[in-house]
Protein chains: 2
Amino acid sequence: MRPVMVLSAVVCAVAIAPAQDDARPASTNVRGAEYPRVHTDARVTFRLKAPAAQKVQVQPGGADNGLGKGPFDMAKGADGVWTVTTPPAVPGFHYYWLLVDGVAVNDPGSETFFGWGKQTSGVEIPEKGTDFYDVKDVPHGQVRAYWYHSKVAGSPRRAFVYCPPGYDANPTRRYPVLYLQHGAGEDERGWVSQGRANFILDNLLAAGKARPMLVVMDWGYAAKAGAKAPPDAFEEVVLNDLIPGVDAAFRTLADRDHRAIAGLSMGAGQALRIGLTHPDTFSYVGAFSGAGRMFDVRTAYGGVFADAAAFNRRVRLLWIGAGTGEEAFHTSARAMHGELDRAGIRSVFVEQQGTAHEWQTWRKALYDFAPRLFND
Amino acid sequence: MRPVMVLSAVVCAVAIAPAQDDARPASTNVRGAEYPRVHTDARVTFRLKAPAAQKVQVQPGGADNGLGKGPFDMAKGADGVWTVTTPPAVPGFHYYWLLVDGVAVNDPGSETFFGWGKQTSGVEIPEKGTDFYDVKDVPHGQVRAYWYHSKVAGSPRRAFVYCPPGYDANPTRRYPVLYLQHGAGEDERGWVSQGRANFILDNLLAAGKARPMLVVMDWGYAAKAGAKAPPDAFEEVVLNDLIPGVDAAFRTLADRDHRAIAGLSMGAGQALRIGLTHPDTFSYVGAFSGAGRMFDVRTAYGGVFADAAAFNRRVRLLWIGAGTGEEAFHTSARAMHGELDRAGIRSVFVEQQGTAHEWQTWRKALYDFAPRLFND
C-alpha cells in the first residue's frame, strides 16, 4: 500500500494548490517572487518572513491609494511568516511599503519604483478588459537613456527618450516631440516604469491611433549651478538645455507645431507654466491631474488667455483632465475648464471614471492625449 | 544679549557640521539623501530611524564584500536613530541591506540595485585616482531598452543596448557588437547600474582607446516556452532570438569578426560556453571572474582546443581574468590560462589587484577588455 499512499499525497498536493489559491504573482514582482499575489477579485495577499518582528503592516502610499487606507496589520504564523489579504483593490499601480516594527521598508518580493522621494514597492492590479498598456507582440519603440550636460544646472542629467518603431529604419524622417513629466517625489523613470508610456505608445501606433512621435521624460527638478536649493531651475533646463539638446541628438521636427508638453500632478503645473508662457516653443499642452488651483483667467500664465481669439488660433490643444476619484484635483480641473469656456478659450476636459491620484489615471490620460497630437 | 547668542548658535551649528564630518553622501544614494555617507578614509556611516526596533544591523551582501564581513551592529540614539560607522571599505560598489529585527530590508537612503535575486541597497566607495567609470563631460552614448519577442522563451524580453556617440549622426555606419552578461542573481540592468559600462565605453571612446561598438546586455536567464523550470534556454535565446533581432534592429557588422561575448561570474561561464562552441558566430571571448573550474583542455567546449593552431588562427581573443582578492576565481582562472598556455593555445590573463568578486573587478575587466576588441 505504501507506494500508492505516497503517490496519492503528491497528487493531492499538486491538485490542492490552485484550488486554495486563485491568485497570481503581481506583474510588478521581482521575477520569480510568489508574493504579493493578486486574486481574481483584486484582493491582494502580502507575505513577509520576519520571525523576530513584533509588528508588521502593509502601508499603502498616500491617502487615496487604490489598495485602501491601511495600514493593514499582518498576522504572524507559527513559522514566523506574516500575511494579510486586503479587500479588493482599485485597478492600476499602487505604491506601498511594509512597516516592520514601525520602520518603512520595501517588500523584497516587489520590484522597486521611485516615488515618495525614495525607492518603494508597488503592486499592479489588472483592470478587466483594459490592455492598452500591456506588452503586446507589436513593434516596440526603444526607450533611450539620454545623458546630457546641463549648463543651467552645471551637472550631467539623464532623460529618457522613447523613439517609436521605425525611427532607426527611416534615417531621414523627422518626428514631433512630446515632453512628458512625472509628479512630485518621482523621477524620470516614472513614466516608463509606473506609467508604461512606451507600451501605451507602441499599442497606439500599432493600432494606427497616434502619429509616430518622440516622448522625452526628464527629471522634473533642477537647482541652478552653484545653488544648493530653490529657486527651481527646471523651466530653464527644459528651454535652454533639454530641448536644444534633444533637437540636436534626435531627428526632431524642431518647431512649435511639432512640440507638446504634458505632465501629471506637479508635472501638470510645470507643463502649464512652461507650455503656456512659451507659445513660440509649444503648441500642445496637457495637464493631467494638476490644473486650476488659484486659477484666474485674466492674469494666469502671463496673460496668455487675455485674447481668446489669439489663443485659440495659436494653441492647438489645451488638455485638462483628472480622475473622478481624486476629488480636489477633479474639482479644480473642471473649474479651470469652466472658466476657460466662459472666456471663450478652447480647452478639452477629460475625466477618468473612478480612478484617483494614481498612475491608472495618468496612463488613461496619456492614452487619450497622445492621439490628439500632431494631426496636421 | 539674546539676539547675539542666537546668532552664535546658528553660526556654530553651520561651522561645526563639516568639522565633525568629513564624509559625503554616497553617489549611490537616492538624490538628496544624506546617508549613507562615505568618509575620506573610506569608512561608511549608515543611519536609520527606527525607534521601535530592537536590533538594527548593516549586512554586506556576500562573504567577500568590500564593506567587510558584517553584520555591523548599529547603535540606537536617544532619538530612535540607529547609526554605525564601518572600518575603511574597499573601493568600488558593494551590495548591502539592513537587518531590522532580523528582517533583510533596503536602506531608504540608497538607490536600489538588482542583485541577490532582489532589489538591494548599494554603496559606492570612490577609488582614489580612478575615474574611468565616472560621468564626464564627454560625448555620451545612449543606452536603449530594446524589447523583443523571444520565440524560444515564448515571451517578451528586454535587453539594454549601448549605442556609442555618433551612432545616430552616421546613419550608414555599421558597428561591431559586444554581448555582455551579468552574474547570478543579477539582471540586464547590472552592467549599466552597477557596472557603469556605458560611462566606461564613453570614456574609452573619448580617449581614442577603443573602437566604437554596440554593447548588448540581456537577462541571462531563460526558460523554454511552456517550461516552468530549467533546462536553461539562454544560449538558445542568444543565438536564435537576440543576435538576429539585434542585427535587424541595429546597424551591426553581422559577422563573427565583429562579434564578441563576455560576462562576469555566471556570465563568464555563459560567454565561454556560447562563444567557444560557436566559433562561426563569435571571434572574441571574455571570461571575467568565472573561468576554469573543472577545466580539461582536451575535452572542454566541444573540443575547441584540440587543434591549437586552428584555434589560434580562428579565435582572435580569449580573455581570462579575475581579482587577486577573489581567491578561488583567481586560482581557477590562472589555472585555465596555464593549461591553455601549455597546450599552445593563445589566451590573455589579466588580474585586478586587490579587488574581490565584486563590480570593481568587472569594471576594470571591461576597461581592459574593450580596447582589445575589433582592432582589425
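Computed from a predicted structure; not experimentally measured.

A.B. asks: Please explain the relation of the copies chain B and chain A as it appears in this structure.
C.D. replies: The two chain copies are connected by a rotation around an axis plus a translation along it. Structural alignment of chain B on chain A gives an RMSD of 0.0 Å, achieved by rotating through 180° and translating 0.0 Å along the axis. Overall, the copies show the geometry of a two-fold rotation axis. When C-alpha positions in chain B are compared against the rotation axis, the closest is assigned to arginine 144 of chain B, at 2.0 Å. The residues that chain B uses at the interface reappear at the interface of chain A in 100% of cases, marking a shared surface.

A.B. asks: For this particular structure, what's the right way to read the sheet that holds strand E6 (residues 75-76) of chain B?
C.D. replies: Sheet strands associate in pairs through backbone hydrogen bonding, adopting either a parallel or an antiparallel arrangement. Residue and element names in this part refer to chain B. In spatial order, the strands read E1-E2-E3-E7-E6; together these five strands make up an open sheet with antiparallel pairing. Each of the sheet's edge strands pairs with one partner strand only, and the pair in question is strand E1 (24-25) and E6. Alignment of strand E3 (residues 44-49) against strand E7 (residues 81-85), held across five bridges, turns out to be antiparallel. Bridging across to E7, lysine 49 finds its partner in valine 81.

A.B. asks: Mind showing me how you'd approach the packing of helix H4 (residues 234-249) of chain A against helix H5 (residues 266-276) of chain A here?
C.D. replies: Two quantities define a packed helix pair, namely the angle between the helix axes and the distance between the axes. All names here are of chain A. In the contact formed by H4 and H5, the axes pass within 11 Å of each other and the chain directions differ by 50°. As judged from the angle between their axes, H4 and H5 are oblique. Pair H4 / H5 crosses with right-handed handedness. When H4 is examined against H5, the residues Phe234, Glu235, Val238 and Leu239 are found in contact with a partner set consisting of Gln270, Arg273 and Ile274. The residue makeup of the contact of H4 with H5, split by class, is four nonpolar, one polar and two charged.

A.B. asks: What's the story with the interface of chain B and chain A in this structure? I'm lost.
C.D. replies: Interface size is commonly expressed as the accessible surface area that is lost when the partners come together. Contact residues are listed per partner, giving 43 residues for chain B and 43 residues for chain A. Note on chain B versus chain A: buried area summed over both sides is about 3,400 Å², and carbon and sulfur give 56% of it. Summed over the three residues of chain B that lose the most area to chain A, namely Arg31, Gln142 and Trp147 of chain B, the buried surface amounts to 18% of that side. Seen at the junction of chain B and chain A, the total is eight salt bridges. For arginine 144 of chain A, the salt bridge goes to aspartate 168 of chain B, with nearest N and O atoms at 2.7 Å. The interface formed by chain B and chain A contains 15 residue pairs in polar contact (both at pLDDT 80 or more). Of all the secondary-structure elements, those providing two or more residues to the side of chain B that touches chain A are E3, strand E9 (103-105), strand E10 (112-115), strand E11 (118-125), strand E12 (142-150) and helix H3 (197-206) of chain B. A total of seven residues in the side of chain B that touches chain A trace back to one element, the largest contributor, which is E12 of chain B. Here strand E12 (residues 142-150) of chain A runs beside E12 of chain B; their pairing, made up of three bridges, is antiparallel. When the sheet's bridge partners are listed, alanine 145 of chain A is paired in E12 of chain B with valine 143 of chain B.

A.B. asks: Help me out: how do you make sense of the pattern of salt bridges in this one?
C.D. replies: Oppositely charged side chains can pair when the atoms bearing their charge come close. Throughout the structure, instances matching the rule amount to 42 salt bridges over all chains. Two residues, arginine 189 of chain B and glutamate 111 of chain A, come together in a salt bridge whose shortest N-O distance is 2.6 Å. A residue pair is termed interchain when its members come from two chains, as with arginine 189 of chain B in the loop between strand E14 (177-181) and helix H2 (190-193) and glutamate 111 of chain A in the loop between strand E9 (103-105) and strand E10 (112-115). Ionic pairing is found between aspartate 296 of chain A and arginine 298 of chain A, a salt bridge with its closest N-O pair at 2.9 Å. Among the residues examined, aspartate 296 of chain A registers a relative accessible area of 23% and is labelled partly exposed.

A.B. asks: Looking at this structure, how should I read the sheet that holds strand E7 (residues 81-85) of chain A?
C.D. replies: Residues and elements named next belong to chain A. In spatial order, the strands read E1-E2-E3-E7-E6; together these five strands make up an open sheet with antiparallel pairing. One side of each edge strand has no neighbouring strand; the edge strands of this open sheet are strand E1 (24-25) and strand E6 (75-76). Taken together, the two bridges between E6 and E7 define a ladder with antiparallel strand orientation. Pairing of lysine 76 across the sheet is with tryptophan 82, part of E7.

Calculation criteria
- Residues numbered from 1 in each chain as written.
- Chains lettered and ligands numbered in written order.
- Predicted model: local features only at pLDDT ≥ 70, side-chain atom pairs only at ≥ 80, totals over all residues.
- Heavy atoms only, no water.
- Least-squares fit on C-alpha atoms with pLDDT ≥ 70 in both.
- Contact = heavy atoms within 4.5 Å.
- Pairing = 2+ DSSP bridges.
- Helix = DSSP H or I, 4+ residues; strand = E, 2+ residues; numbered from the N terminus.
- Axes fitted to C-alpha atoms, helices over the stretch in contact; angles between N-to-C directions.
- Parallel < 35°, antiparallel > 145°, perpendicular 65-115°, else oblique.
- Left-handed = near helix turned anticlockwise from the far one by under 90°.
- Nonpolar A, V, L, I, M, F, W, Y, C, P; charged D, E, K, R; others polar.
- Buried area = accessible area lost by both parts, 1.4 Å probe.
- Salt bridge = Lys/Arg side-chain N within 4 Å of Asp/Glu carboxyl O.
- Polar contact = N/O pair within 3.5 Å; in protein donor to acceptor, adjacent residues only side chain to side chain.
- Buried < 20%, exposed > 50% of the residue type's maximum accessible area, 1.4 Å probe, protein only.

Function cannot be read off these values alone, since they describe shape.
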